[in-house]
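Spelled out, the chains give:
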Amino acid sequence: MSFRVSVLVSGTGTNLQAILDQLHGRHGIEVVAVASNRPEARALDRAATAGVETAVFEASAHGGREERDLAMADWLAERRVDLVVLAGYMELLCTEFIARFPSRIVNVHPSLLPAFPGIRAIEQALDHGVKVGGVTVHFVDEGVDSGPIILQRAVEVPADRDPAEFESRLHAVEHELLPEAIRLIGAGAVSMDARNPRLVRIERGMAGARRV
Ligand code: GRF
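Note that residues are indexed from 1 along each chain, following the sequence as it is written. Totals for whole chains, interfaces and linings use every residue, but because this is a predicted model, local features are given only for residues with pLDDT of at least 70 and side-chain atom pairs only at 80 or more, for both listing and counting. To get the side-chain values, all heavy atoms of the structure are used, and hydrogens and water are removed first.

Let's shift gears to the overall build of the chain. Strands are runs of DSSP state E lasting at least two residues, helices are runs of H or I lasting at least four, and both sets are numbered from the N terminus onward. Across its full length, the chain carries six helices and nine strands. A compact globule built from 212 residues would reach a C-alpha radius of gyration of about 17 Å, and the chain, at 17 Å, matches this within 12%. Each principal axis of the C-alpha atoms in the chain carries an extent, and together these give about 50 × 45 × 35 Å. With a 1.4 Å probe rolled over the protein chains alone, any residue whose accessible area is under 20% of its type maximum counts as buried; one over 50% counts as exposed, and the rest are partly exposed. Looking at the chain as a whole, 47% of its 212 residues are labelled buried. We call two residues contacting when some pair of their heavy atoms lies within 4.5 Å. Within the chain, contacts between residues separated by at least 24 positions form 62% of all contacts whose residues are at least 6 apart in sequence. Per-residue and other accessible areas were derived by the Shrake-Rupley procedure at a 1.4 Å probe size, with only the shown protein chains allowed to occlude residues. Surface exposure of the chain reaches about 10300 Å², of which carbon and sulfur atoms provide 51%. For the charge count, each Lys or Arg is scored as positive and each Asp or Glu as negative, with His and the chain ends excluded. For this purpose, a charge sits on NZ of Lys, CZ of Arg, CG of Asp or CD of Glu. Of the charged side chains in the chain, 23 are positive and 29 negative, and the gap between their average positions amounts to 6 Å. A radius of gyration in this sense is built from C-alpha atoms; the matching globule rule multiplies 2.2 Å by the number of residues raised to 0.38.

Here the largest pocket defines a volume of roughly 920 Å³. Around the largest pocket, the lining is made up of 38 residues, and of these Gly88, Tyr89, Met90, Val108 and His109 lie nearest the centre. In the cavity and pocket records, a cavity denotes points on a 1 Å grid over the protein atoms alone where a 1.4 Å probe fits but cannot get out, a pocket denotes an open set with protein on both sides within 12 Å along at least 5 of 7 lines, and lining residues are residues with an atom within 4 Å of a point. Grid points are joined across faces, edges and corners, and a volume is the space filled by probe spheres set on the points.

With that out of the way, let us pick up the nonpolar core. Here, nonpolar core means buried Ala, Val, Leu, Ile, Met, Phe, Trp, Tyr and Cys residues that are tied together by side-chain atoms lying within 4.5 Å of each other. Counting residues in hydrophobic clusters, the biggest one holds 46 residues, and the most contacted among them are Val7, Val34, Val85, Ile150, Leu178 and Ile182. Looking at which element gives the most residues to this core, the answer is helix α6 (residues 163-186), with nine residues. Leave out the neighbours within four places in its chain, and Ile150 touches Val106, Val137, His138, Phe139, Ala181, Ile185, Val200 and Ile202. Membership of the second largest hydrophobic core comes to 21 residues, among which are Met72, Leu76, Val81 and Val140.

Bringing the pairing of strand β5 (residues 105-109) into the picture now. Among the five residues that make up β5, five are buried, leaving the element largely enclosed by the rest of the structure. Of the two faces of β5, both are covered, the one formed by Ile105, Asn107 and His109 as well as the one formed by Val106 and Val108. In this sheet, β5 lies alongside strand β4 (residues 83-86) in parallel orientation, the contact comprising three bridges. Note that in β5 the partner of Val84 across the bridge is Ile105. Taken together, β4, helix α4 (residues 95-100) and β5 constitute a β-α-β crossover, and its handedness is right-handed. Pairing analysis gives four bridges linking β5 to strand β6 (residues 132-139), with the strands arranged antiparallel. Two strands are said to pair when DSSP picks up at least two bridges between them. Orienting the strands away from the viewer, one traces the path from the first strand over the helix to the second; a clockwise path indicates a right-handed crossover.

Structure (structure tokens):
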């Protein structure tokens, strides 16, 4: 039985593309659903090209954000998804949505959390004068980029602090780290520490194993 992955997107979808290229139909993983809050998201075309079912959930079409989130949760549940991946999904999810998929929602964020949560993380980090930034993949809780950390990797700020170059270094790392985290979860290699609910444990030896 395959590990059924869904992806929520709002924008260009380069992270979705990395997931499709590296994981779809491999490692026992299938991307079975892609949903967006924005009908014009380029990510939807990428999903369609890969033959993955897509849907658009605009708040205005559902009488508000919370109702939209619940409709989207129903759509995902009908597709029996094992994991919900936020890949450039630029809205907060309501409490009930999060409760429907406990420890089953992951997000990628372009900073070393807990530094620089929220929007414009790259700009925040550069304005702060950091010399090293990075990428975090974490479980989603009700806060803004505040859930338990699954994987992190540091990225050096270029010597000339060029924002475009820093951003492209960060994106390249996102495109490795997010698929890696999904693969580890699918392989059953990711668990929460019994004594510290913030601590995510990873059994690296299982990374290549198929989920049972
Ligand atoms: C990524 O930088 C991600 O970290 C942030 O939004 C961006 C999405 O890019 N949350 P893309 O749509 O995957 O190309």
